[in-house]
Amino acid sequence: MTFDNLGLSADLLATVAREGYTEPTPVQSAAIPPILAGRDVLAAAQTGTGKTAAFVLPTLERLRGHANAGFSPARHPVRVLILTPTRELAVQVSDAVKTYSRGTSLRSAVVYGGTRIDPEIKLLWRGVEILVATPGRLLDHIGQKTVNLSQVEVLVLDEGDRMLDMGFIPDVRKIVALMPTQHQTLLFSATFSDDIRRLAKEFQRDPEIIEVAARNSIADNLTQVLYPVDQDRKADLLIHLIKRDAMEQVLVFTRSKAGASRLASYLDRRGVSTSAIHGDRSQSERTRALEAFRGRFVKVLVATDVASRGLDIADLPYVVNFELPYEPQDYIHRIGRTGRAGASGTAISLVSPDEVEELRAVQRLLRKSIPCAVVEEFLPNPDAEPTQSRRPAGRSAAPSSSGWGHQRESAPSGRPRRSLAATSR
Ligand code: AMP
């Protein structure tokens, strides 16, 4: 399959070639033709599958007729609205829009909370055809009458599953009510759940359904491995693994913002350069942390689930779950940051005895066990009682009928995988 027979015009094909894309990814092959034909599309595709280009390229194609060099803002109404759940994803999608629309006279802008609104207002007054936004900030603009959605032709809901999780759907409803009834809606989601299907029913008309990877599947080129370890020794095990495997770029997930900060400063103190990205940090701090990581000025980036959404870092070789997430779906989101676009990647989970329930939930979702590796000196103390689950109040913790021992039986090998463990023994 090449890009040539998808229906894109010569200048967009040149853009794609300039980016070095030789062939479309599966989601691009499946989504571009129906989007060009004006159909609604419901696509299950994780970040890393090329989904951004899958909706941006055909929408740019559809906007070609509207491209004009006029100065008047009235000649540049918002025609494509892309809603994302997080600021980071908004910035990333906006960067992709700018890259793919270079050389056209189409204008784009991105608006998101946590930053000053005035510079955004100035941009919007000039007029933009493509607007990328987080829902809350967009509603602020609508309230201030700095944006008008009455000419929107295409609505993209990116990472719909996360929009649901973060409670943005009421905001999305308010936004959609301000758009013309006739518009195309493209809904992208890392996973298909019943809630997503309901969302599609509400916002879409007879969508073309695209599922490029099997439900909740993981890229083939991704190696998953777990290390049993007590919670209070995880940081030292992480340092050990980073040194042992000469890891250069490692994205580490923690459950809490405080945990992310704590771990980042511990690693830094122990000589492993680290920055952190989480909801308590200002937008500029997050951007700086991300840039430092992307530019390889720091080895490790510690992130929480929400802050990490949509992070696109090319060729990220390692993702580490410092703690397993409470929601098993988040495991899939997290490890989707590695093994992207065909590159190989390793997802490492440091699992303490009190995370047995979370591990079971993840393995149930994956429908397979995660291979277990062992670093002898970091094995959990078998006599210690599992500590109390650290679930926040209100979350339904399944009663833990077994401790760590049971899990070790259920792990597939129960024995170190040579490549990962042999050197550490
Ligand atoms: P996304 O899933 O949209 O976050 O894209 C993941 C990465 O894949 C981005 O860095 C894109 O630049 C890259 N990408 C998108 N389409 C292609 C393609 N057809 N061939 C190679 N890389 C691509």
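Residues numbered from 1 in each chain as written. Predicted model: local features only at pLDDT ≥ 70, side-chain atom pairs only at ≥ 80, totals over all residues. Heavy atoms only, no water.

## Quick word on the environment of Leu 42
Threshold: Runs of E in the DSSP output that reach at least two residues are strands. Runs of H or I that reach at least four are helices, and both are numbered from the N terminus. Three labels apply to residues, based on accessible area from a 1.4 Å probe with only protein chains included: buried if under 20% of the type maximum, exposed if over 50%, partly exposed otherwise in between.
Here Leu 42 lies in strand β1 (residues 41-44). Taking the relative accessible area as the measure of exposure, Leu 42 reaches 2% and is therefore buried. For Leu 42 and Gly 160, which are 118 residues apart along the polypeptide, the C-alpha to C-alpha distance reads 9.9 Å.

## Details of the sheet that holds strand β10 (residues 274-277)
Convention followed: When DSSP finds two or more bridges between two strands, those strands count as paired. Axis geometry follows a simple rule: fit a line to the C-alpha atoms, using only the stretch in contact for helices, then measure angles between N-to-C directions, giving values from 0 to 180 degrees. The contact definition used throughout considers only heavy atoms, calling two residues in contact when any of these lie within 4.5 Å.
Taken together, 6 strands build an open sheet; the order of strands is β8-β13-β12-β9-β11-β10 and the sheet is parallel. Both outer strands of the open sheet, β8 (222-228) and β10, are each paired with one neighbouring strand and no more. Mean inter-strand twist for the sheet, computed between neighbouring axes without regard to direction, equals 20°. Pairing between β8 and strand β13 (residues 345-351): 7 bridges, direction parallel. Pairing of Val 225 across the sheet is with Ile 348, part of β13. Where helix α10 (residues 234-244) meets the sheet, its contacts fall on β8, β9 (250-253), β11 (300-303), β12 (318-321) and β13, and the angle it forms with β13 comes to roughly 155°.

## Thoughts on the sheet that holds strand β2 (residues 80-83)
Pairing in this open sheet of 7 strands is parallel, and the strands run β3-β4-β2-β5-β6-β1-β7 from one edge to the other. Looking at which strands have only one partner, the edges of the open sheet turn out to be β3 (108-111) and β7 (208-211). The average undirected angle you get between the axes of adjacent strands in this sheet is 10°. By the bridge criterion, 4 bridges tie β1 to strand β6 (residues 184-189) in an arrangement that is parallel. Paired with Ala 43 across the bridge in β6 is Phe 188.

## What about helix α15 (residues 356-366)?
Summarising burial for α15: 9 of the 11 residues are buried, a large majority. Looking at α15, one finds that the buried residues are Val 356, Glu 357, Glu 358, Leu 359, Ala 361, Val 362, Gln 363, Leu 365 and Leu 366.

## Quick look at the nonpolar core
Going by this rule: Among buried residues, the Ala, Val, Leu, Ile, Met, Phe, Trp, Tyr and Cys ones that are joined through side-chain atoms within 4.5 Å form a nonpolar core.
Ranked by internal contacts, the top residues of the largest apolar core, which has 37 residues, are Phe 55, Leu 57, Ile 82 and Leu 186. Of the residues forming this core, the biggest block, 7 residues, is contributed by helix α3 (residues 51-63). Here Leu 57 is in contact with Phe 3, Leu 8, Leu 12, Val 16, Ile 32 and Tyr 100, once residues within four sequence places are set aside. Counting residues in each nonpolar core, the second largest holds 31 residues, with Ala 109, Leu 149, Phe 192 and Leu 199 among its members.

## Here's the deal with the site of the ligand
Spelled out, the test is: Throughout, near means a residue has at least one heavy atom within 4 Å of the molecule or strand. Polar contacts, as counted here, are pairs of nitrogen or oxygen atoms within 3.5 Å of one another; within protein the pair requires one atom able to donate a hydrogen and one able to accept it, and residues that are adjacent in sequence qualify only if both atoms are side-chain atoms. Per-residue and other accessible areas follow the Shrake-Rupley method at a 1.4 Å probe size, with only the shown protein chains counted as cover for residues. Note that Gly is not counted as nonpolar here; it falls among the polar residues with everything else outside the nonpolar set of Ala, Val, Leu, Ile, Met, Phe, Trp, Tyr, Cys and Pro and the charged set of Asp, Glu, Lys and Arg.
In the vicinity of the ligand lie 13 residues, with Tyr 21, Gln 28, Gly 48, Gly 50 and Thr 52 positioned nearest. Contacts to the ligand include Tyr 21, whose side-chain N or O atom sits 2.6 Å from an oxygen atom. In this structure, a nitrogen atom belonging to the ligand sits 2.9 Å away from a main-chain N or O atom of Glu 23. Notes on the ligand: free accessible area 500 Å², of which the protein chains cover 79%. When the residues that make up the shell around the ligand are grouped by side-chain class, the tally is 3 nonpolar, 7 polar and 3 charged.

## Looking at the pairing of strand β5 (residues 154-157)
Covered by surrounding structure in β5 are Val 154 and Val 156 together with Leu 155 and Leu 157, the residues of both alternating faces. Examined bridge by bridge, β2 and β5 share 4 bridges and lie parallel to one another. Bridge pairing in β5 links Leu 81 to Leu 155. Bridging between β5 and β6 involves 4 bridges; their strand directions are parallel.

## Here we look at the packing of helix α2 (residues 26-36) against α3
What counts, and what does not: Just so you know how the angles are binned, under 35 degrees is roughly parallel, over 145 roughly antiparallel, 65 to 115 roughly perpendicular, and the rest oblique. Left-handed describes a crossing in which the near helix is turned anticlockwise from the far one by less than a right angle; the clockwise case is right-handed.
Interhelical geometry of α2 versus α3 gives an angle of 25° and a closest axis separation of 9 Å. Comparing the axis directions of α2 and α3 gives the class roughly parallel. Along this stretch, α2 crosses α3, giving a crossing that reads as right-handed. Contacts between α2 and α3 involve Val 27, Gln 28, Ala 31, Ile 32, Ile 35 and Leu 36 on the former and, on the latter, Lys 51, Ala 53, Ala 54, Phe 55, Leu 57, Pro 58, Glu 61 and Arg 62. Classifying every residue of the contact of α2 with α3 by side-chain character gives 10 nonpolar, 1 polar and 3 charged.

## Details of helix α4 (residues 87-101)
Basically, it comes down to this: One less than the residue count of a helix, multiplied by 1.5 Å, gives the span that helix is expected to have.
Here α4 contains 15 residues, and its C-alpha end-to-end distance of 21 Å stays within 8% of the 21 Å for a straight helix at 1.5 Å per residue. Regarding α4, the residues found buried are Arg 87, Glu 88, Leu 89, Ala 90, Gln 92, Val 93, Ser 94, Ala 96, Val 97, Thr 99, Tyr 100 and Ser 101. Looking one or two residues beyond α4, the residue adopting positive phi is Gly 103, at roughly 90°.

## Details of the pattern of salt bridges
Rules: Salt bridge criterion: a side-chain nitrogen from Lys or Arg within 4 Å of a carboxyl oxygen from Asp or Glu.
All chains considered together, the criterion is met by 23 salt bridges. The shortest N-O distance in the salt bridge between Arg 64 and Asp 11 comes to 2.8 Å. Here Asp 11 lies in helix α1 (residues 10-18) and Arg 64 lies in the loop between α3 and β2, a separation of 53 residues in the sequence. Here Asp 11 falls in the partly exposed class, since its relative accessible area comes to 42%. Arg 270 serves as the salt-bridge partner of Asp 236, at 2.7 Å between the closest nitrogen and oxygen.

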